[in-house]
Amino acid sequence: MLSRIAESYFWIGRYLERAEATSRLLAEHHQLMVEERTVPEELAAAVLLDALSLPPQAASSAGDLVSAVVGTSVDPATISGAITMARENARGVRESLSADVFEALNAAHLAGISGPMVATSPAYALYRVVERLAVVVGQVDWTVPRDEGYLFLSLGRSLERLDMVSRVLAVRHDQLWPEGGPVATLRAAAALNAFLRTQHPMTGDEARKFLLLDGDFPRSMRVSASTAEEAVRGLAARGASDGGDLLREVGLMRSQLEYAVDPTPDEVDALVELVQQASARASDVVAQAFFRPVGTIVWSN
């Protein structure tokens, strides 16, 4: 597979996951800000912006926060920017991507997330974005062959999911809003129903441990690390190997999560930080091993 195609698939997976996860997180965080006024809006906005690595001066109220995180098409750290970049990467590999995936992604891009609906009902508008992106992900699962392209997309999506779940946990809703915070954290990761089935007490520590270590929930960090490792092994089986550095990075990350036994809250925090750093290193290894630009060939007589 050509390097540019592999890179585009990888970033399609990352940007799709980033747009969906950020939309969920913003919707739940904004809901807490307007319903539970115990936390100053400026502080609540700053906490989310910091978790998403956005400029802290971008917002000081609930309305400004929505505008800042929805963002524009030129900033890939925002929702609009992530959707735009996913679509641009898809357009670059349109010849190898199924028409169903491109059309669904193009429709999500054209629908956008702007106008009066965002101002009057942000949660509704944001979950409409999640629904459109779910169609794209469904088309990927239904129509994309399980070849190298799909494996790079799956790897990108898994690494981005690890990063986004760590950002959700970094907000610490349970500390800002002790009553509604744990529920908001779980809803931000689409994990509330799955958590309730475990019958664990609804506390911040239990919610954080679930999102980190649960072996059945597909968006937990443990399962995401396993999915990333499976993608790397699949690529190696097809001859796309970097010599083992990438497999060691994701394999160590997966094993540390799999063998963590009833960690304390402090140990959970340490594991979350460790996984976020490991996923960033893994992304760098992928870029260096598979996406390095090759110098222009100069032909001479």
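Quick note: structure is the one above.
Keep in mind that what you see is a predicted model, and the values were worked out from it rather than measured.

Thresholds applied
Residues numbered from 1 in each chain as written. Predicted model: local features only at pLDDT ≥ 70, side-chain atom pairs only at ≥ 80, totals over all residues. Heavy atoms only, no water. Helix = DSSP H or I, 4+ residues; strand = E, 2+ residues; numbered from the N terminus. Expected span 1.5 Å × (residues − 1). Contact = heavy atoms within 4.5 Å. 1 Å grid on protein atoms, 1.4 Å probe; cavity = no way out; pocket = protein on both sides within 12 Å on 5 of 7 lines; lining within 4 Å. Points joined across faces, edges and corners; volume = space filled by probe spheres on them. Nonpolar A, V, L, I, M, F, W, Y, C, P; charged D, E, K, R; others polar. Core = buried A, V, L, I, M, F, W, Y, C linked by side-chain atoms within 4.5 Å. Buried < 20%, exposed > 50% of the residue type's maximum accessible area, 1.4 Å probe, protein only. Polar contact = N/O pair within 3.5 Å; in protein donor to acceptor, adjacent residues only side chain to side chain. Phe/Tyr/Trp six-rings, centres within 6.5 Å; stacked < 30°, edge-to-face > 60°. Lys NZ or Arg CZ within 6 Å of the ring centre and 35° of its normal. Salt bridge = Lys/Arg side-chain N within 4 Å of Asp/Glu carboxyl O. Axes fitted to C-alpha atoms, helices over the stretch in contact; angles between N-to-C directions. Parallel < 35°, antiparallel > 145°, perpendicular 65-115°, else oblique. Left-handed = near helix turned anticlockwise from the far one by under 90°.

Brief notes about helix H5 (residues 99–111)
Part 1: With 13 residues, H5 should reach 18 Å at 1.5 Å per residue; the first-to-last C-alpha distance of 18 Å fits that figure.
Part 2: Packed against the buried residues of H5 are helix H1 (3–35), helix H4 (79–92) and helix H7 (122–143).
Part 3: Directly after H5, the chain includes Gly112, whose backbone phi takes a positive value near 60°.

Things to note about empty space enclosed by the protein
Part 1: Scanning the entire structure with this criterion turns up one cavity of 30 Å³ or more.
Part 2: Contributions of two or more residues to the lining of the largest cavity are made by H1 and helix H8 (148–171).
Part 3: Class assignment of the residues belonging to the lining of the largest cavity gives a composition of six nonpolar, no polar and three charged.

Quick word on the nonpolar core
Part 1: Membership of the largest hydrophobic core comes to 98 residues, with the highest contact counts inside it found for Leu26, Leu65, Val69, Leu155, Leu211, Met221 and Leu246.
Part 2: When residues in this core are grouped by element, the largest group, 14 residues, is from H1.
Part 3: The residues contacting Leu246, other than those within four sequence positions of it, are Leu155, Val232, Ala282, Val285, Val286 and Phe290.

Describing the environment of Asp262
Part 1: With respect to the helices and strands, the residue Asp262 is situated in the loop between helix H14 (245–258) and helix H15 (265–290).
Part 2: Sequence spacing of Asp262 and Leu213 is 49 residues, and the spatial spacing of their C-alpha atoms is 9.3 Å.
Part 3: Excluding residues that lie within four positions of it along the chain, Asp262 makes contacts with Lys209 and Glu267.
Part 4: Within polar-contact distance, the side chain of Asp262 engages the side chain of Lys209 at 2.9 Å.

A look at the side chain of Glu160
Part 1: Along the polypeptide, Glu160 turns up in helix H8.
Part 2: Setting aside anything within four residues of it in sequence, one finds Glu160 in contact with Arg14, Glu17 and Arg18.

With respect to the environment of Val250
Part 1: Inspection of the secondary structure puts Val250 in helix H14.
Part 2: Taking the C-alpha atoms as reference, Val250 lies 21 Å from Ser8; in sequence the two are 242 residues apart.
Part 3: The residues contacting Val250, other than those within four sequence positions of it, are Ala228, Glu229, Val232 and Ala282.

Structural notes on the packing of aromatic side chains
Part 1: This structure, assessed with the given rule, holds seven aromatic pairs.
Part 2: Geometrically, the ring pair formed by Phe210 and Phe217 is tilted, given 5.6 Å between the ring centres and 35° between the ring planes.
Part 3: Taken together, the aromatic side chains of Phe10, Trp11, Tyr15, Phe152, Phe290 and Phe291 make up a single cluster linked through ring pairs.
Part 4: Positioned above the aromatic ring of Tyr150, the side-chain terminus of Arg146 is 4.1 Å from the ring centre.

Here we look at the layout of surface pockets
Take a probe with the size of a water molecule and roll it over the atoms, and the empty space left behind shows itself.
Part 1: One number sums up the size of the largest pocket: a volume of about 260 Å³.
Part 2: Taken together, 16 residues form the lining of the largest pocket, with Glu17, Val137, Arg157, Arg161 and Arg219 sitting closest to its centre.
Part 3: Among the residues making up the lining of the largest pocket, the classes are represented as six nonpolar, five polar and five charged.

Comments concerning the pattern of salt bridges
Part 1: Scanning the entire structure with this criterion turns up 23 salt bridges.
Part 2: Here Glu249 and Arg281 are joined by a salt bridge, their closest N and O atoms 3.1 Å apart. One end of the pair, Glu249, is in helix H14; the other, Arg281, is in helix H15, and 32 residues separate them in sequence.
Part 3: On the basis of relative accessibility, which here comes to 16%, the residue Glu249 falls in the buried class.
Part 4: Among the ionic contacts, a cluster of salt bridges with common partners joins Glu17, Glu20, Arg24, Arg161 and Arg219.

Notes on the packing of H8 against H15
Part 1: Between H8 and H15, the shortest axis-to-axis distance is 9 Å and the interhelical angle comes to 150°. Considering their axes alone, H8 and H15 lie roughly antiparallel with respect to each other. Handedness of the crossing formed by H8 with H15: left-handed. Seen from H8, the contacting residues are Phe152, Leu155, Leu159, Leu162, Asp163, Ser166, Arg167 and Leu169; seen from H15, they are Val272, Val275, Gln276, Ser279, Ala282, Ser283, Val286 and Phe290.
Part 2: Residue composition of the contact of H8 with H15, by class: ten nonpolar, four polar and two charged.

None of the figures reported here should be taken as evidence of function without further support.
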